[in-house]
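# Examining the three-dimensional arrangement
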Amino acid sequence: MNHQPWQQETVIQRTQLILSSFDHWLGHSLFEHFGIIEVKTDAIEVSQQLFEADFIVVSHGTQHDPIFNYGNQKALDIWELTWSELLQTPSKKTAEAIEQQERDRLLAQTTETGYSRFSTIRITKTGKRFKINNGIVWNVIDDQQTYQGQAAVYSDFYFLP
């Protein structure tokens, strides 16, 4: 039995889609974006590397009210969620009601343009608020360019009083 999320086949596949889509839209690798030069080549090792990265990566699917289908350990820690809780959480639940309209606008813009940069406020499971600066959200696509959802990454954040 696989004990770590990054060891699961669906997570390994999602990791590959997240990384290849980032490269497609931004023209360089997600790891390179954060100055990581030594990138693993084996799919399971890459999955582990992204899961254990020192930046936040999340993605959601294509549902009408998209549900998270990936979050690395840093994302789980920041949002105070377990892996199983994350996989049941609509991504909009991480935005305060006042931020919902801006979030919807950002995601719609990203759907049209492929990726967007953002700064916003999000909330944890227990209601702690934090500010994200210089985030990137992008469309996750497969090898046939079929839309598979969206992903976001950021490392510049701080908790608000």
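See the structure above.
Notes on the structure follow. The structure displayed is predicted, hence computed values, not measured ones.

Moving on, we come to the overall build of the protein chain. A tally of helices and strands in the protein chain yields six helices and six strands. Mapped in sequence order, the helices and strands of the protein chain form the string α-α-α-β-β-α-α-α-β-β-β-β. Radius of gyration (C-alpha) of the protein chain: 15 Å, near the 15 Å computed for a compact globule of 161 residues. Taking all 161 residues of the protein chain together, the buried fraction comes to 48%. By element, 50% of the accessible surface of the protein chain is carried by carbon and sulfur atoms, the whole surface being about 8500 Å². Distance from the positive charge centre (13 side chains) to the negative charge centre (20 side chains) of the protein chain: 9 Å.

Positive phi, close to 60 degrees, is recorded for glutamate 80, a residue that is not glycine. Considering the arrangement of structural elements, one finds glutamate 80 in the loop between helix H4 (73-79) and helix H5 (83-86). Judged by relative accessible area, glutamate 80 falls into the partly exposed class, the value being 23%. The backbone of glutamine 145 shows a phi angle near 65 degrees, a positive value even though the residue is not glycine. Within the secondary structure layout, glutamine 145 lies in the loop between strand E4 (129-141) and strand E5 (147-154).

Thresholds, definitions, all that
Residues numbered from 1 in each chain as written. Predicted model: local features only at pLDDT ≥ 70, side-chain atom pairs only at ≥ 80, totals over all residues. Heavy atoms only, no water. Helix = DSSP H or I, 4+ residues; strand = E, 2+ residues; numbered from the N terminus. Rg over C-alpha atoms; globule rule 2.2 N^0.38 Å. Buried < 20%, exposed > 50% of the residue type's maximum accessible area, 1.4 Å probe, protein only. Areas by Shrake-Rupley, 256 points an atom, 1.4 Å probe, with all protein chains shown as cover. Lys, Arg positive; Asp, Glu negative; His and termini not counted. Charge placed at Lys NZ, Arg CZ, Asp CG, Glu CD.

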